[in-house]
Amino acid sequence: MKVLIADDHKLMREGLARLLGEAQDISVVAQAADGYEALLLAKQETPDVAVLDVSMPGKGGMDTLAELKRALPHIRILMLSMHPEDQYAVRLMKEGADGYMTKESAPEELLTAIRRIHLGGKYVSTTLAEALVEHLESGNDIDAHDSLSHREFQVMCQLASGKTVGEIADELDLSVKTISTYRTRILQKMHLKNTAQIMHYGLQKGLAEPQPS
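In this numbering scheme, every chain counts its residues from 1 along its sequence in written order. Residues qualify for local features only when their pLDDT is at least 70, as the model is predicted, and side-chain atom pairs are given and counted only at 80 or more; totals for whole chains, interfaces and linings, by contrast, use all residues. Where side-chain values are given, they derive from all heavy atoms of the structure, hydrogens and water being excluded.

**Points about the overall build of the protein chain**
- Within the protein chain one finds ten helices and six strands.
- Only protein chains enter the calculation, and the probe is 1.4 Å; a residue is then buried if its accessible area is under 20% of its type maximum, exposed if over 50%, and partly exposed in between. Going through the 213 residues of the protein chain one by one, you find that 46% of them count as buried.
- A total of about 10,600 Å² of accessible surface is found on the protein chain, and carbon and sulfur atoms cover 52% of it. The helix count covers DSSP runs of H or I at least four residues long, the strand count covers runs of E at least two residues long, and both are numbered beginning at the N terminus. For the area figures, the Shrake-Rupley method with a 1.4 Å probe applies, and any residue is considered shielded solely by the protein chains shown.

**So, the packing of helix 2 (residues 35–45) against helix 3 (residues 61–71)**
- Angles shown run from 0 to 180 degrees and are taken between the N-to-C directions of axes, each axis being a line fitted to C-alpha atoms and, for helices, limited to the stretch in contact. It is the contact of helix 2 with helix 3, at a shortest axis distance of 10 Å, that shows an interaxial angle of 15 degrees. The orientation of helix 2 relative to helix 3 falls into the category roughly parallel. Considering only the axes of helix 2 and helix 3, their crossing is right-handed. Together, Gly35, Ala38, Leu39, Ala42 and Lys43 of helix 2 and Thr64, Glu67, Leu68 and Ala71 of helix 3 make up the contact between the two elements. Throughout this description, any angle smaller than 35 degrees is read as roughly parallel, any larger than 145 degrees as roughly antiparallel, any in the 65 to 115 degree range as roughly perpendicular, and the remainder as oblique. Left-handed is the label given to a crossing in which the near helix is rotated counterclockwise from the far helix by less than a right angle, and right-handed is the label when the rotation is clockwise. Between two residues, a contact is recorded if the distance between any of their heavy atoms is within 4.5 Å.

**Thoughts on unusual backbone geometry**
- For Thr46, which is not glycine, the phi dihedral falls at a positive 40 degrees.
- Position of Thr46 among the secondary structure elements: in the loop between helix 2 and strand 3 (49–53).
- With phi around 60 degrees, His191 is a residue other than glycine that occupies positive phi space.
- With respect to the helices and strands, the residue His191 is situated in the loop between helix 9 (176–190) and helix 10 (195–205).
- For His191, a relative accessible area of 71% gives the class exposed.

**So, the nonpolar core**
- The criterion is simple. A nonpolar core is a set of buried Ala, Val, Leu, Ile, Met, Phe, Trp, Tyr and Cys residues joined through side-chain atoms within 4.5 Å. Counting residues in each nonpolar core, the largest one holds 45 residues, and the members touching the most others are Leu4, Leu52, Leu68, Met79, Leu92 and Met156.
- Met1, Ala23, Val49 and Ile117 belong to the second-largest nonpolar core, a separate cluster that totals 19 residues.

**A look at helix 8 (residues 165–172)**
- Within helix 8 the residues assigned to the buried category are Val165, Ile168, Ala169 and Leu172. Taken end-on, helix 8 shows its buried residues confined to a sector of 100 degrees, consistent with a single buried face.
- Here the buried face of helix 8 lies against helix 7 (150–160) and helix 9.
- Residue Asp173 follows helix 8 closely and has a positive phi angle near 60 degrees. Summarising the geometry, the arc corresponds to the directions from the helix axis toward the C-beta atoms.

**Let's talk about the pairing of strand 4 (residues 76–81)**
- Of all six residues making up strand 4, six are buried, and the element is well covered by its neighbours.
- Residues Arg76, Leu78 and Leu80 point to one face of strand 4 and Ile77, Met79 and Ser81 to the other, with burial holding for every one of them.
- Paired strands are those between which DSSP finds at least two bridges. When strand 3 meets strand 4, the two strands line up parallel, connected through five bridges. Paired with Val51 across the two strands is Leu78, which belongs to strand 4.
- When the strands point away from the viewer and the connection leading from the first strand across the helix to the second strand turns clockwise, the crossover is called right-handed. In the classification by handedness, the crossover that spans strand 3, the intervening helix 3 and the parallel strand 4 is right-handed.
- Here four bridges tie strand 4 to strand 5 (residues 99–102), and the two strands are oriented parallel to one another. Among the inter-strand pairings, Leu80 is bridged to a residue of strand 5, identified as Met101.

**Notes on the packing of helix 7 against helix 10**
- At a minimum axis distance of 8 Å, the contact between helix 7 and helix 10 shows a crossing angle of 95 degrees. Accordingly, the angle class assigned to the pair helix 7 and helix 10 is roughly perpendicular. Within the contact between the two elements, helix 7 uses Met156, Leu159 and Ala160 and helix 10 uses Thr195, Ile198, Met199 and Gly202.
- Residues are grouped as follows: Ala, Val, Leu, Ile, Met, Phe, Trp, Tyr, Cys and Pro are nonpolar; Asp, Glu, Lys and Arg are charged; every other residue, Gly included, is polar. Of the residues that constitute the contact of helix 7 with helix 10, the class distribution is five nonpolar, two polar and no charged.

Written out as structure tokens, the structure reads:
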């Protein structure tokens, strides 16, 4: 199968490529450093599977996921993240992801996930599957951020990471006014008063985006 890898960290990207390249049934046909490059290379190489980092600068993994599915309906997509699985996985699966796992997962688990989604299945780790079952059985209320739209959730995570409205506007290629509007909607929907409370909530829920090292 043909695989595309998209991750803004060169060492992670090359490490994944080496790992997958050792498998006889997998060929890494493209490597991308961000979502824009991933979309361009995917249209050129038409991979069977794309492995996308959730948090990339510019066009992040969530936006890239949606656009890849529209451009190449056949493509299967595995999302990789540093975030706690129970906070991101369900939202990404609803957006069209075929699998989700953290970057801390064992190498053999990555191979298993790619092969399973290539055959038409879905993949989440055993730990996540158990957590989701427990959540459903507990009857717990949904989290406040579950009421947000895809874009609102994206902006909320960036605000929770300490980014300013201007920085978010530049990164998402939107106007400051638009981001300010999203911030207002986020505060209203989540019943919060200010950005400081968004940051506190994000830290509590493990939603703050990891900062570049």
